[in-house]
Number of protein chains: 2
Amino acid sequence: MAVTAVRAADSRQRFIDAAIGLFTRHSFAGTSLQMIADEVGVTKSAVHHHFRTREELLNAVVEPLLGEVRRAVEAAEGKRGRRARAERMLTGFVDLAVRNRLLVPMLVGDPGPIEMLRSRTEVSDLVNRMIMLLADLDPGVGGWIKADMVMAGIAGGMSARSSGLDDDVLRRYLIEASRRTLGLRAPRCLT
Amino acid sequence: MAVTAVRAADSRQRFIDAAIGLFTRHSFAGTSLQMIADEVGVTKSAVHHHFRTREELLNAVVEPLLGEVRRAVEAAEGKRGRRARAERMLTGFVDLAVRNRLLVPMLVGDPGPIEMLRSRTEVSDLVNRMIMLLADLDPGVGGWIKADMVMAGIAGGMSARSSGLDDDVLRRYLIEASRRTLGLRAPRCLT
């Protein structure tokens, strides 16, 4: 990459990082492009150069995470047996949630992004596949409720109270509690 | 009450009901007093007559629920033994969450109301007491994480997928799954 291209990618990433922090604190609807410009210390037109709307910025924020979710869902769907599939989906989701501690709670709780993402068919399809992999352990409405509870619970377990924990420690707590919720025993061999 | 007082209380309640629906769909920051007026079919000044700001309206929305939470926390704190206290807090919270299926997820997930409520000392104190009653089953960071997961999980379990269920059925699913998460056996005698 030429120096200017590197710089453009750099400032693009700075806007994305600032947006995640502001969306988390003030919600998506409560964050303006002006607030993002102020946070980074540039003019609004500098943000406009990369992102024309708040929605474009949200898509840029979410896109890498969607790739991670897709890979986790596909890895789980490739396993044989409901328990192995649920276990792989659970650990895959906890892994990516712990790496994206601010972003995942926002996407689970804030109605703005939820509404926007739900309108994208490939996203709602992905979320349904994820829920199905967890719900399949207990077919019926009870299984769906437990799957919803686990997804929301993992997001909620990454609150301010656990913010000082190492990724590995937090990951173990979240997986262990979620297994209990789902009625999933720990596999003999952890991978 | 005189007829005009009844009418004033009526329209006040209509604004509150409309606000809950709009806050849920568009988030608190994404809802204006104008949108609430449009939803009810009145002018913005008619809303202004009752609520001068969106924040005043949110307080009116939340106040009755805070009363319910306070009563549930006090009832749980009055029990003897950690298990009995956690069990009473869990069932009390599920009861009020199921009766407030739209409101509770909003207050758990939307950063706008969370920020506003956290700044009220008596509310953050109440939330801490609630978490403590659940976390006390497993003292230490693991207990706090499970308590956070259960609170968020209950809110998440009341998603669109469970919206058709009777209160009693939904209540049983949420309590049973939360007990498993917390490692709380069902009490011999359900009260």
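This structure is a prediction, so every number in the text was calculated from the model and none was measured.

Even after reading the chapter, I still don't get the packing of helix H8 (residues 121-135) of chain A against helix H9 (residues 141-156) of chain A, so can you show me in this structure?
Residue and element names in this part refer to chain A. Between H8 and H9, whose axes approach to 8 Å, the crossing angle comes to 115°. In the crossing of H8 with H9, the sense of the turn from one axis to the other is right-handed. For the pair H8 and H9, contact is made by Met130, Ile131, Met132, Leu134 and Ala135 and by Gly143, Trp144, Ala147, Asp148, Val150 and Met151, respectively. Split by residue class, the contact of H8 with H9 holds nine nonpolar, one polar and one charged.

Which parts of the structure should I look at to understand the UniProt feature "domain: HTH tetR-type" (unreviewed entry) in chain A?
Listed under "domain: HTH tetR-type" (unreviewed entry) in the UniProt record, and renumbered for this structure, are residues 9-69 of chain A. When the span residues 9-69 of chain A is considered, its composition is 80% helix and 0% strand, and the gap between its end C-alpha atoms is 24 Å.

Help me out: how do you make sense of the nonpolar core in this one?
Across soluble globular proteins, you tend to see nonpolar side chains buried next to one another. Met89, Leu90, Ile154 and Leu174 of chain A are the most contacted members of the largest nonpolar core, which totals 62 residues. It is helix H4 (residues 54-77) of chain A that contributes the most residues to this core, 11 residues altogether. Two domains share this core, each providing at least three of its residues, namely domain 1 (1-52) and domain 2 (62-182) of chain A. Non-local contacts of Leu174 of chain A, meaning those with residues more than four positions away in its chain, are made with Val94, Val98, Ile154, Gly157 and Met158 of chain A together with Ile145 and Met149 of chain B. By size, the runner-up hydrophobic cluster in this structure holds 61 residues, among which are Ile16, Val62, Val104 and Leu184 of chain B.

What exactly am I supposed to notice about helix H9 (residues 141-157) of chain B here?
Helical periodicity: at 3.6 residues per turn, an α-helix aligns residues three or four positions apart in one direction. For H9 of chain B, spanning 17 residues, the distance from its first C-alpha to its last is 24 Å, which sits close to the expected 24 Å at 1.5 Å a residue. A large share of H9 of chain B lies buried, amounting to 15 of its 17 residues.

Got a minute to help me understand the domain arrangement of chain A in this structure?
The extent of an interface is frequently quoted as the accessible surface area lost upon association of the parts. Residues and elements named next belong to chain A. Domain boundaries assigned for chain A yield domain 1 (1-52) and domain 2 (62-182). On a C-alpha basis, the centroid separation for the pair domain 1 and domain 2 is 27 Å. Buried area between domain 1 and domain 2, both sides added, is near 500 Å², and the carbon and sulfur share of it is 81%. Its largest share of buried area at the contact with domain 2, domain 1 owes to Ile20, Thr24 and Phe28, together 73% of the area lost on that side. There are zero salt bridges connecting domain 1 and domain 2. For the interface between domain 1 and domain 2, the tally reads one residue pair in polar contact (both at pLDDT 80 or more). When its residues are assigned to classes, the side of domain 1 that touches domain 2 shows three nonpolar, two polar and no charged.

Cut-offs and rules
Residues numbered from 1 in each chain as written. Chains lettered and ligands numbered in written order. Predicted model: local features only at pLDDT ≥ 70, side-chain atom pairs only at ≥ 80, totals over all residues. Heavy atoms only, no water. Axes fitted to C-alpha atoms, helices over the stretch in contact; angles between N-to-C directions. Helix = DSSP H or I, 4+ residues; strand = E, 2+ residues; numbered from the N terminus. Left-handed = near helix turned anticlockwise from the far one by under 90°. Contact = heavy atoms within 4.5 Å. Nonpolar A, V, L, I, M, F, W, Y, C, P; charged D, E, K, R; others polar. UniProt positions renumbered as here; feature names shortened; annotations may be inferred. Core = buried A, V, L, I, M, F, W, Y, C linked by side-chain atoms within 4.5 Å. Buried < 20%, exposed > 50% of the residue type's maximum accessible area, 1.4 Å probe, protein only. Domains from an automatic or database assignment. Expected span 1.5 Å × (residues − 1). Buried area = accessible area lost by both parts, 1.4 Å probe. Salt bridge = Lys/Arg side-chain N within 4 Å of Asp/Glu carboxyl O. Polar contact = N/O pair within 3.5 Å; in protein donor to acceptor, adjacent residues only side chain to side chain.

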